[in-house]
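Spelled out from the first residue to the last, the chains are:
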Amino acid sequence: MDIAITPGEPAGIGPDLVLQLASQQDCSHWVVIADPGLMQQRAAQLGLSLDMTDWQAAPAPGRLRIQPVQLDNPAQPGQLDHRNARYVLNTLDVAIDGCRDGRFAAMVTCPVQKSIINEAGIAFSGHTEYLQQRCGVEKVVMMLATPGLRVTLATTHLPLRDVADAITGQTLEQVLYITHSSLIQQFGIPKPRILVCGLNPHAGESGHLGHEEIDTIIPVLEQLRQQGMDLMGPLPADTLFTPKYLQQADAVLAMYHDQGLPVLKHMGFGNAVNITLGLPIIRTSVDHGTALDLAGTGKADTGSLLTAIHTAQAMAQTALGATQNATGANHG
Ligand SMILES: NC(=O)c1ccc[n+]([C@@H]2O[C@H](COP(=O)([O-])OP(=O)(O)OC[C@H]3O[C@@H](n4cnc5c(N)ncnc54)[C@H](O)[C@@H]3O)[C@@H](O)[C@H]2O)c1
Ligand SMILES: N[C@H](C(=O)O)[C@H](O)COP(=O)(O)O
């Protein structure tokens, strides 16, 4: 069961992390979607000696298989080049197509530099939104997870100014359905409890500090509770993230990126994983960005990429088990 790994921004730490981990871990079932010259050059810069071959070679211990995608311009650590933006997206496309046609059981992504893709004239706000669009699904949900905390987001990469308008009844309903069903099916939690943050300080202070709770969030939660979901909230986000509440929770739904992710990263930066829920394929990622300051130095921490790979492999096993059970049941 091969998994695809995309090293992301070629000037960032993604290629380093893949190579550093490949020199320490069993990489026989990884297929790295990248420019082979880039990977060779970065390995030399890091002083790593690895057996890198074409992806069609037989899997073998210590062998890193690479499915080639050509860079448009040679990449240097730490130096962004908008001419390589299309390359980054091409690697994602190869991984997505490979997952969709069954060649790969999952894809694991290293960080991309969103700004340089936009500077190349390509509208791009993140892997999450790109995968949603490329897989043709109406809604996906970003989850970041570390031991003791899972956070999902009602909105992802958009300016803070636009957040309140983006939180509609329909969006919240979709996000809660996806979060709830993923916790059951992919995380094996039969009756998940989800804590829901308010949007405003003190969850709106009974309408004196904002109306989104009264107008939108509370009606959606009441409706979904009637359908059997175990939902607490909307709770003030400042006190929700305390042990008293978190110990009762299987996941927390935050209303926006910087309401939920700073808490998660404070707790688990370096061993957290980013998972896109609601896709027809399995995709995990790291909890950090391109760290241009560390590219080519060998100082980048591989913990989150390792967690992302292990999570993708575990999710792929779960999916395989579910398929085998369904097939067995059909035959039985
Ligand atoms: N999954 C993704 O594609 C992803 C995730 C987050 C950010 N980004 C992108 O990365 C770019 C840079 O973002 P940023 O500067 O906000 O965050 P960053 O994570 O790249 O860097 C923040 C700080 O953390 C350090 N750091 C990051 N990863 C590290 C690692 N593995 N080991 C040791 N130290 C590490 C960096 O050196 C820096 O000091 C942006 O374009 C952002 O959009 C991409
Ligand atoms: N929101 C993520 C984080 O802060 O870690 C990050 O930007 C990555 O998002 P995508 O997986 O959508 O690229």
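The rules behind the values
Residues numbered from 1 in each chain as written. Chains lettered and ligands numbered in written order. Predicted model: local features only at pLDDT ≥ 70, side-chain atom pairs only at ≥ 80, totals over all residues. Heavy atoms only, no water. UniProt positions renumbered as here; feature names shortened; annotations may be inferred. 1 Å grid on protein atoms, 1.4 Å probe; cavity = no way out; pocket = protein on both sides within 12 Å on 5 of 7 lines; lining within 4 Å. Helix = DSSP H or I, 4+ residues; strand = E, 2+ residues; numbered from the N terminus. Buried < 20%, exposed > 50% of the residue type's maximum accessible area, 1.4 Å probe, protein only. Contact = heavy atoms within 4.5 Å. Polar contact = N/O pair within 3.5 Å; in protein donor to acceptor, adjacent residues only side chain to side chain. pLDDT = per-residue confidence, 0-100. Pairing = 2+ DSSP bridges. Axes fitted to C-alpha atoms, helices over the stretch in contact; angles between N-to-C directions. Phe/Tyr/Trp six-rings, centres within 6.5 Å; stacked < 30°, edge-to-face > 60°. Salt bridge = Lys/Arg side-chain N within 4 Å of Asp/Glu carboxyl O. Points joined across faces, edges and corners; volume = space filled by probe spheres on them. Nonpolar A, V, L, I, M, F, W, Y, C, P; charged D, E, K, R; others polar.

Visitor: Quick one: what's the story with the UniProt feature "binding site: substrate" (unreviewed entry) in the protein chain, residue by residue and with numbers?
Guide: Under the UniProt annotation, the feature "binding site: substrate" (unreviewed entry) is placed at His127, Thr128, Lys265, Asn274 and Arg283. Those annotated residues lining the largest pocket are, specifically, His127, Thr128, Lys265, Asn274 and Arg283. Mapping His127 onto the fold places it in helix H5 (residues 127-135). For His127, a relative accessible area of 8% gives the class buried. Take Lys265: it is sitting in helix H11 (residues 257-268). Given the relative accessible area of 29%, Lys265 is considered partly exposed. Among residues more than four places away in sequence, those in contact with Lys265 are Leu144 and Asp287.

Visitor: Which residues make up the UniProt feature "binding site: a divalent metal cation" (unreviewed entry) in the protein chain, and what values go with them?
Guide: With numbering aligned to this structure, UniProt lists the feature "binding site: a divalent metal cation" (unreviewed entry) at His157, His202 and His257. The named residues occupy 101 residues along the chain; their greatest pairwise C-alpha distance, 23.5 Å, places them well apart from one another. In the annotated set above, the residues contributing to the lining of the largest pocket are His157 and His257. With respect to the element layout, His202 can be found in the loop between strand S8 (193-197) and helix H8 (212-226). Here His202 is in contact with Leu209, Pro236 and Asp238, once residues within four sequence places are set aside. Tracing the sequence through the fold places His257 in helix H11. Excluding anything up to four places from it in sequence, His257 contacts Leu153, Thr155, Thr156, His157 and Pro262. Within the structure, the side chain of His257 is placed 2.6 Å from the side chain of Asp258, a separation counted as a polar contact.

Visitor: So what's going on with the confidence of the model for the protein chain? Which residues, and what values?
Guide: Here the protein chain averages 96 in pLDDT, while 99% of its residues score no lower than 70. Reported confidence for the predicted complex is 0.98 by ipTM and 0.96 by pTM.

Visitor: Any details on the sheet that holds strand S2 (residues 30-34)? Residues and values, ideally.
Guide: Read across the sheet, 12 strands follow the order S3-S4-S2-S1-S5-S12-S11-S6-S7-S10-S8-S9 without closing on themselves; strand pairing throughout is mixed. Two strands close off the open sheet at either side, each with one partner strand: strand S3 (51-54) and strand S9 (230-235). On average, adjacent strands in this sheet sit at an angle of 25° to one another, irrespective of strand direction. The pairing of strand S6 (residues 141-146) with strand S7 (residues 149-153) spans 4 bridges and is antiparallel. Along S7, the bridge assignment pairs Ala145 with Arg150. Packed on one face of the sheet, H5 meets strand S5 (106-109), S6, strand S11 (273-277) and strand S12 (283-285) and runs near 165° to S12.

Visitor: Explain the environment of Thr327 residue by residue, including any values.
Guide: Along the chain, the position of Thr327 falls in helix H12 (residues 303-331). Between the C-alpha atom of Thr327 and that of Lys139, which follows or precedes it by 188 residues, the distance is 28 Å.

Visitor: Pulling in residues and values, what's your account of the packing of aromatic side chains?
Guide: The way to describe two aromatic rings as a pair is by their centre distance and the angle between their planes. Counting across every chain of the model gives 1 aromatic pair. Measuring from ring centre to ring centre gives 5.9 Å for Phe124 and Tyr130, while their planes differ by 50°; the resulting arrangement is tilted. Tyr130 matches Phe124 in its accessibility class, with the two residues each being buried.

Visitor: Report on the pattern of salt bridges, specifying residues and quantitative values.
Guide: Here the structure, examined in full by the defined rule, presents 8 salt bridges. Between Arg134 and Asp97 there is a salt bridge, with the nearest N and O atoms lying 3.1 Å from each other. Note that Arg134 is positioned in helix H5 and Asp97 in helix H3 (residues 85-100), a separation of 37 residues in sequence. Via salt bridges that share partners, Asp93, Asp97 and Arg134 belong to a single interconnected network.

Visitor: Requested: an account of the layout of surface pockets, with residues and values cited.
Guide: Empty space within the largest pocket amounts to approximately 330 Å³. Surrounding the largest pocket, 22 residues form its lining, Lys114, His157, Lys265, Asn274 and His288 being those nearest its centre. Secondary structure elements with two or more residues in the lining of the largest pocket: H5, S6, H11 and S12. Considering every element that reaches the lining of the largest pocket, the biggest residue donor is H11, with 3 residues. Tallied by class, the residues present in the lining of the largest pocket amount to 7 nonpolar, 11 polar and 4 charged.

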